[in-house]
Amino acid sequence: MVGIILASHGVFAEGILQSGEMIVGEQENVKAVTLLPSEGPDDIRRKMEEAIATFDSDEVLFLVDLWGGTPFNQANTLFEDHKDKWAIVAGLNLGMLIESFTGRFSMDKAQDIAASIVVVAKDSVKVRPESLQPAEAAVETENEEPNQPLPEGTVVGTGKIDIRLARVDSRLLHGQVATAWSKDVKPTRIIVVSDEVSKDKLRKNLITQASPPGIKANVVPIDKMIEISKDPRFGKTSALLLFENPQDALRVIEGGVEIEEVNVGSMAHSEGKVMVNNVLSVNEKDVEAFKKMKDLGVKFDVRKVPSDQSKDIWPMLKKTKFVD
């Protein structure tokens, strides 16, 4: 796997590595090196060399904070002897880092990853009000869905929505979903399915504004999702469904939406709930919904991010008083 060096003035590199792993999961072959106020160029060069020596790959990608700064300059001197395999990208931000992490799953060349993350790094810089956004920074989407409303009964593509992930997550659309899961399942739409959220104008707006580049985000009530699943006009839609709780997922499945597996990512703790691991809390209604889905043949995948190991939910639920 390509080795990644994060290099910065001060402890920025260490902090952004922690943030990246919080979203994507723990990473191998990644080191943060810092230039502290009491240190000079030789110190950070030595740290880079020590970090590279720990990698099990001769492919190395440097992500540095500032072009022309000391971390960049020292990385550049090391790069001179490895121009065929190494790469340096300056302007480190979290979008770039996450893209580089996920890019290592499909690319084994540092320079290929470097080329792929530049556009994402630029697209991560956005501003509100949108009128302040430079025209050249507009995101181009490869969405294959029809751009214009179609007459009822029109069959598009397969005539059936492609549900690539159905996830229970009380946080709904957040960093782990917008980056790690979206990169993994590659949806054209992220659909939050909730009667409650669909009535909340503020939450709806925040969700649609948080959609990653090239992916549309929608909030729909449960009955609307059931209707969409039967509408042949959505035959080119690849969807990532988000549910705030398992009861909503159950209602959708009972309504005829074909979901074979539910990813359980996060369920916030509240009064009356029992913690079953560090991110999942359930009450009797939650467990009853999981039981009914299981009876309908639904399987469960407990994972925060794609790189986590999938776990079985039932040993966790048996720790509670809600399972015999």
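Residues numbered from 1 in each chain as written. Predicted model: local features only at pLDDT ≥ 70, side-chain atom pairs only at ≥ 80, totals over all residues. Heavy atoms only, no water.

Caption draft 1: Region of the structure containing the layout of surface pockets. The calculated volume of the second largest pocket comes to roughly 380 Å³. Forming the boundary of the second largest pocket are 21 residues, of which I163, R164, E258, I259 and E260 lie nearest the centre. Tallying contributions element by element places strand 5 (residues 162-169) first for the lining of the second largest pocket, with five residues. Split into classes, the residues belonging to the lining of the second largest pocket amount to nine nonpolar, three polar and nine charged. (1 Å grid on protein atoms, 1.4 Å probe; cavity = no way out; pocket = protein on both sides within 12 Å on 5 of 7 lines; lining within 4 Å. Points joined across faces, edges and corners; volume = space filled by probe spheres on them. Helix = DSSP H or I, 4+ residues; strand = E, 2+ residues; numbered from the N terminus. Nonpolar A, V, L, I, M, F, W, Y, C, P; charged D, E, K, R; others polar.)

Caption draft 2: Expanded view of the packing of helix 1 (residues 12-24) against helix 4 (residues 94-103). Remark: helix 1 packs on helix 4, axes separated minimally by 10 Å, with the N-to-C direction vectors making an angle of 55°. Between helix 1 and helix 4, the crossing angle belongs to the class labelled oblique. Crossing hand, helix 1 versus helix 4: right-handed. Listed contacts from helix 4 to I16, L17, S19, G20, E21, I23 and V24 of helix 1 are L94, L97, I98, F101 and T102. Here the residues of the contact of helix 1 with helix 4 are counted per class, giving eight nonpolar, three polar and one charged. (Axes fitted to C-alpha atoms, helices over the stretch in contact; angles between N-to-C directions. Parallel < 35°, antiparallel > 145°, perpendicular 65-115°, else oblique. Left-handed = near helix turned anticlockwise from the far one by under 90°. Contact = heavy atoms within 4.5 Å.)

Caption draft 3: Representation of the confidence of the model for the chain within the structure. When the pLDDT values of the chain are averaged, the result is 90; 96% of them are 70 or greater. When the elements of the chain are averaged for pLDDT, helix 6 (residues 175-185) gives the smallest value, 85, and helix 10 (residues 246-254) the largest, 98. Per-residue pLDDT stays below 50 along residues 137-143; that stretch engages in eight contacts with residues further than four places along the chain or on separate chains. (pLDDT = per-residue confidence, 0-100.)

Caption draft 4: Molecular detail of the packing of aromatic side chains. Counted under the stated rule, the structure contains four aromatic pairs. The ring of W314 carries K294 above its face, with NZ or CZ at 4.5 Å from the centroid. (Phe/Tyr/Trp six-rings, centres within 6.5 Å; stacked < 30°, edge-to-face > 60°. Lys NZ or Arg CZ within 6 Å of the ring centre and 35° of its normal.)

Caption draft 5: View of the environment of I228. You can see I228 is positioned in helix 9 (residues 222-229). Those residues in contact with I228, other than ones at most four positions away along the chain, are I161, V220 and F234.

Caption draft 6: Representation of the sheet that holds strand 9 (residues 261-266) in the model. Across the sheet, which stays open at both edges, the six strands sit in the order 7-6-8-5-9-12 with parallel pairing between neighbours. Bordering the open sheet on either side are strand 7 (216-220) and strand 12 (299-302), each of which pairs with just one other strand. Strand after strand, the sheet turns through a mean of 25° between neighbouring axes, direction not considered. Looking at chain direction, strand 6 (residues 189-193) and strand 8 (residues 238-243) are connected through five bridges and run parallel. Paired with I191 across the bridge in strand 8 is L241. (Pairing = 2+ DSSP bridges.)

Caption draft 7: Summary view of unusual backbone geometry. Cis peptide bonds are those with omega within 30 degrees of zero, and the linkage from R128 to P129 qualifies with 0°. Its place among the elements puts P129 in the loop between helix 5 (110-123) and strand 5. The phi dihedral of L172 falls on the positive side, at around 60°, and the residue is not glycine. In this structure L172 comes out as buried when scored by relative accessible area, which is 2%. With a phi close to 55°, K186 is a non-glycine residue in the positive phi region. Position of K186 relative to the elements: it lies in the loop between helix 6 and strand 6. Given a relative accessible area of 56%, K186 falls into the exposed group. (Buried < 20%, exposed > 50% of the residue type's maximum accessible area, 1.4 Å probe, protein only.)

Caption draft 8: Here's a closer look at the pattern of salt bridges. Under the defined criterion, the tally for this structure stands at 19 salt bridges. The partner of D169 in a salt bridge is R167, and the shortest N-O contact between them spans 3.0 Å. Looking at D169, the relative accessible area reads 0%, which means it is buried. Between K273 and D286 there is a salt bridge; the shortest N-O distance is 3.2 Å. Taken together, the residues K273 in the loop between strand 9 and strand 10 (274-275) and D286 in helix 11 (residues 284-295) connect sequence positions 13 residues apart. D286 carries the same exposure label as K273, and that label is buried. When salt bridges that share partners are traced, they join D43, R46 and E50 into one network. (Salt bridge = Lys/Arg side-chain N within 4 Å of Asp/Glu carboxyl O.)

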